[in-house]
Amino acid sequence: MKNLLKMSVYFISGIDTDAGKSIATGVIAATLQNQGRKVITQKFIQTGCREISEDIQKHREIMGIPLQEVDLDRTTCPYIMSYPASPHLAAEIDGITVDKDLIHHATEKLSRQYDIVLLEGAGGLYVPVNRHYLTIDYISEYGYPLILVTSSKLGSINHTLMSLELCRIRGIRVSHVIYNDFPDNSEFIKADSIRVIGEYLKNYFPDTPLIELPVIEKNTCPRLDIKL
């Protein structure tokens, strides 16, 4: 296992593609920035857009800062594919071979300039990077602590516990679980989901905090009780 940078780089993954990773990543970055930390976000692989990663743009919007030089030269997102699909398929459609070392070298470069790098994944843990390599393989290979984003959608308990179970099997350290309140359309589901996930964490990841992320209102950005 490659342990370089793992203390200053956190991988942010979701239970699925619509869990709210980009919002959570931006809010965590804004929170750390407010604490006086020098923080940058990175996108593992971006699909479904061109030129500049739309998720990086969302991060900067939430952080209240313009695109940075490391965004414009694509250090924060070396791979941007046009087709809105899983990275392995989008790369094949665009005729691109994803080199994971290129992504890692970009992370190394960012880690020399910033205190913390928040590396947002694409979809969930089992999203393929190519036909033989999954996102969870990358997290495991480089030993990154994981911030897992879940949500209040119906079905999130199943996806969350399965993701945590995979981390337990693979020996991945789960730094935090972020419970995204959106869509926040049932207090019953939200309360019970938090309870079930919290009980699982207590049993298997007792040092992992469960943090609730409120729905972001227009022109506001909540600050989370999180320290990295």
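Bear in mind the structure is a predicted one, so any value in this text is a computation, not a measurement.

*Asks:* What should I look at first to understand the overall build of the chain in this one?
*Replies:* Each helix and strand in the chain was counted, giving eight helices and 10 strands. In terms of overall dimensions, the chain is globule-like: its C-alpha atoms have a radius of gyration of 17 Å, near the 17 Å expected for 228 residues. Principal-axis analysis of the C-alpha atoms gives the chain an extent of 45 × 40 × 30 Å. For the chain, the residues scored as buried account for 54% of the 228 residues in total. Taking the contacts inside the chain whose residues are at least 6 apart along the sequence as the reference set, 76% of them involve residues at least 24 apart. Summed over its atoms, the accessible surface of the chain is roughly 10,700 Å², and 52% of this surface lies on carbon and sulfur atoms. Counting 24 positive and 28 negative side-chain charges, the chain places the averaged centre of each group 4 Å from the other.

*Asks:* Sorry, what's going on with the pattern of salt bridges here?
*Replies:* When their charged atoms lie close together, side chains carrying opposite charge are able to pair. This structure, assessed with the given rule, holds 16 salt bridges. Among the charged side chains, a network of salt bridges with common partners joins Asp181, Asp184, Glu187, Lys190 and Glu212.

*Asks:* Please clarify how the sheet that holds strand S10 (residues 210–213) should be interpreted in this entry.
*Replies:* Where strands meet in a sheet, backbone hydrogen bonds hold them as pairs that are either parallel or antiparallel. What the six strands build is an open sheet, ordered S2-S5-S1-S8-S9-S10; its pairing is parallel. Both edges of this open sheet fall to strand S2 (39–43) and S10, since each of them pairs with a single strand only. Mean inter-strand twist for the sheet, computed between neighbouring axes without regard to direction, equals 25°. In this structure, strand S1 (residues 9–14) lies alongside strand S5 (residues 116–120), joined through four bridges in parallel fashion. The residue bridging Val9 from the neighbouring strand is Val117, located in S5.

What counts and what doesn't
- Residues numbered from 1 in each chain as written.
- Predicted model: local features only at pLDDT ≥ 70, side-chain atom pairs only at ≥ 80, totals over all residues.
- Heavy atoms only, no water.
- Helix = DSSP H or I, 4+ residues; strand = E, 2+ residues; numbered from the N terminus.
- Rg over C-alpha atoms; globule rule 2.2 N^0.38 Å.
- Buried < 20%, exposed > 50% of the residue type's maximum accessible area, 1.4 Å probe, protein only.
- Contact = heavy atoms within 4.5 Å.
- Areas by Shrake-Rupley, 256 points an atom, 1.4 Å probe, with all protein chains shown as cover.
- Lys, Arg positive; Asp, Glu negative; His and termini not counted.
- Charge placed at Lys NZ, Arg CZ, Asp CG, Glu CD.
- Salt bridge = Lys/Arg side-chain N within 4 Å of Asp/Glu carboxyl O.
- Pairing = 2+ DSSP bridges.
- Axes fitted to C-alpha atoms, helices over the stretch in contact; angles between N-to-C directions.

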